[in-house]
Amino acid sequence: MSLKHDLKNIVVNEEVSGPFISLFLPLYPSKDNFKFDDTEFNSLLSKAKKQFIAKYGEKNWSKYEKKIKATQNDIIFDYAQSKSLAIIISNETAYHYYLPRKVDLQVRVTDKPYILPIIRGYEYMPSYNIAKITRSSFEMFTVKNGLVSQMNLSDDAPVSAEQALNIDTPDQKIRMEQRGGGSYDQFRGTDVKAEAEQANMDQYFRMVDEYITKHISLKDHLKVVLMATEDDAGEFKKLSHNHFLDKEDTLTIPAVINHETLEKATAKITKRFIDESREKIEDAIDLAHSKKRYLEGMKDVQAAAKEGRLDTTVIAHELAVNETETDEQVQANVIAIDTLVYGGQVDLVDPAVINDQSIVGILRGI
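All residue numbers refer to position in the chain's written sequence, counted from 1. Only residues with pLDDT of at least 70 get local features here, since the model is predicted, and only at 80 or more are side-chain atom pairs given and counted; chain-wide, interface and lining totals rely on the full set of residues. Values reported for side chains reflect all heavy atoms of the structure, with hydrogen atoms and water molecules removed beforehand.

(A) Structural view of the overall build of the protein chain. Helix and strand content of the protein chain: 11 helices and 15 strands. Only protein chains enter the calculation, and the probe is 1.4 Å; a residue is then buried if its accessible area is under 20% of its type maximum, exposed if over 50%, and partly exposed in between. Per-residue burial over the protein chain gives 47% buried out of 366 residues. For the protein chain, restricting intrachain contacts to residue pairs at least 6 apart in sequence, the fraction spanning at least 24 positions comes to 69%. On the protein chain, roughly 19500 Å² of surface is accessible, and the fraction owed to carbon and sulfur atoms is 47%. What counts as a helix is a DSSP run of H or I of at least four residues, what counts as a strand is a run of E of at least two, and both are numbered from the N terminus. By definition in these notes, contact holds between two residues if any of their heavy atoms fall within 4.5 Å. Only the protein chains shown count as covering a residue, and every accessible area follows the Shrake-Rupley method with a 1.4 Å probe.

(B) Looking closely at the packing of helix α2 (residues 38–56) against helix α3 (residues 61–74). Here the axes come from fitting lines to C-alpha atoms, over the contacting stretch only for helices, and the angles between their N-to-C directions go from 0 to 180 degrees. Contact geometry for α2 and α3: axes closest at 11 Å, N-to-C directions at 160 degrees. As the angle between them shows, α2 and α3 are arranged roughly antiparallel. The two elements α2 and α3 cross, and the hand of that crossing is right-handed. Residues Asp-38, Phe-41, Leu-45, Ala-48, Lys-49 and Phe-52 of α2 lie in contact with α3, whose contacting residues are Trp-61, Tyr-64, Glu-65, Ile-68, Lys-69 and Gln-72. Among the residues forming the contact of α2 with α3, the class breakdown is seven nonpolar, one polar and four charged. Should an angle fall under 35 degrees it is called roughly parallel, over 145 degrees roughly antiparallel, and 65 to 115 degrees roughly perpendicular, with every other angle called oblique. The hand of a helix crossing depends on one turn: near helix anticlockwise from the far one by less than a right angle means left-handed, and clockwise means right-handed. Following the grouping adopted for this structure description, the nonpolar residues are Ala, Val, Leu, Ile, Met, Phe, Trp, Tyr, Cys and Pro, the charged ones are Asp, Glu, Lys and Arg, and the polar ones are all others, Gly among them.

(C) View of the sheet that holds strand β14 (residues 345–349). Strands sit in the order β12-β15-β13-β14 across an open sheet of four strands; the sheet is mixed. Two strands in the sheet have a free side with no partner beyond their single neighbour: β12 (294–296) and β14. Looking at each pair of strands side by side, their axes are set apart by 25 degrees on average, direction ignored. Along the sheet face, helix α8 (residues 259–290) touches β12, β13 (310–316), β14 and β15 (359–363) and points at about 70 degrees away from the line of β15. When DSSP finds two or more bridges between a pair of strands, those strands are recorded as paired.

(D) Structural context of a negative patch on the surface. On the surface, a cluster of negative charge is made up of Glu-279, Glu-282, Asp-283, Asp-286, Glu-318, Asp-350 and Asp-356. Broken down by element, the negative patch gets its largest block of residues, four residues, from α8. Tracing the sequence through the fold places Glu-318 in helix α10 (residues 317–321). For patch building, the residue pool is restricted to those with more than 30% relative accessible area and no salt bridge; the joining distance is 9 Å between like charges and 5 Å between nonpolar side chains (Val, Leu, Ile, Met, Phe, Trp, Tyr). Any Lys or Arg side-chain nitrogen located within 4 Å of an Asp or Glu carboxyl oxygen qualifies as a salt bridge. Think of it this way: Lys and Arg go in the positive column, Asp and Glu in the negative one, and His and the chain ends go nowhere. Every charge is mapped onto a representative atom, which is NZ of Lys, CZ of Arg, CG of Asp or CD of Glu.

(E) Geometry of α2. Expected span, for any helix, means 1.5 Å times one less than how many residues it has. For α2, built from 19 residues, the straight-helix expectation of 27 Å at 1.5 Å per residue is met to within 8% by its first-to-last C-alpha distance of 26 Å. Taken as a whole, α2 has its buried residues at Glu-40, Phe-41, Leu-44, Leu-45, Ala-48 and Phe-52. Taken end-on, α2 shows its buried residues confined to a sector of 135 degrees, consistent with a single buried face. Residues of α2 that are exposed and angled more than 90 degrees away from the buried face: Thr-39, Lys-50 and Ala-54. Where α2 ends, the next residue or the one after it, Gly-57, has phi of about 85 degrees, a positive value. By construction, the arc corresponds to the directions joining the helix axis to the C-beta atoms.

(F) Inspection of the pairing of strand β7 (residues 128–133) at higher detail. Counting buried residues in β7 gives six out of six residues, a clear majority hidden from the surface. Here β7 shows no split at all, with Tyr-128, Ile-130 and Lys-132 on one side and Asn-129, Ala-131 and Ile-133 on the other all buried. With six bridges connecting them, β7 and strand β8 (residues 138–144) associate as antiparallel partners. Within β8, the residue paired with Lys-132 across the bridge is Glu-139. Where β7 meets strand β10 (residues 224–227), four bridges bridge the pair, whose relative direction is parallel. Paired with Ala-131 across the bridge in β10 is Leu-226.

(G) Layout of the pattern of salt bridges. The final tally for this structure, using the stated rule, is 16 salt bridges. Ionic pairing is found between Asp-249 and Arg-272, a salt bridge with its closest N-O pair at 2.7 Å. Highlighted residues: Asp-249 in strand β11 (residues 245–251) and Arg-272 in helix α8, separated in sequence by 23 residues. Under the relative-accessibility criterion, Arg-272 is labelled buried at 13%. Between Glu-276 and Arg-272 there is a salt bridge, with its nearest N and O atoms 3.0 Å apart.

Next up, the structure:
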């Protein structure tokens, strides 16, 4: 996620300082177009002004207001299935993030960026690749933090079997040429034709598998999920040598491909990856207990985060969704920032998973 990079820039760059205005705005997607509600945006702007002046006075408000309005005009909506937009404004910079989950409409004006709703928006959302494959073509989509977009492939990608193999592809219709006298040519035996088509398909699938492995999987190390018919997926999986290929699920190819249909098509696999991530953090918590790397208590966790000793900060889910600003929430937000800046991760869980604590830390291994 780019949030880590941006937070590091905020901490390291002396020119970037607070106060910070953090705005969170629901989006309203429809197929490949979406927008945010101008009325909601103007309402947030009005609340931001009141909070800003109450805390920091009127002197610099106009500068921030101009930056917010400029950000509104400059944002390009790349992901039509995004559910929310987060905007963080500092004295010098503006950052924005597309969130795959709905977060509450809210604004915070604080000394540090308010990032807990962003963590909630990304919570457990997976990143993986999708290979849409037929016997005649293939294309790739990438899923980053739950948001789908088409992947640009290199010019040498075997996107067409007809071009890659210099043949007519199996799923083109067979054309029969009528001869004189109303009779038709005798075609080759069905078995011979089927064997040739099978050989062509196998060769093409091997070429696609080799390309994906070399040019994509060995670079990003993300799982590759097939989008194909069950028969084609079964054949491809048998031939594949890609260790990153997901053998468990196959996505159905939508009749029409756009962000809306891709979101529906990926819902099942995304849920599976989310569930797996939840299980992993619970396992990590259990392991931290047994290895004595588990830290409780807000003060101890905060000190460890500030010193860069935390591998993971685990926060009770309610702290990230509660709109009421509390001291505990402010502290949790600072700990989350410190953890991410030092390269750690932040996860949200049900309080029962962490013995009804509000926040715990997992120390780095020795």
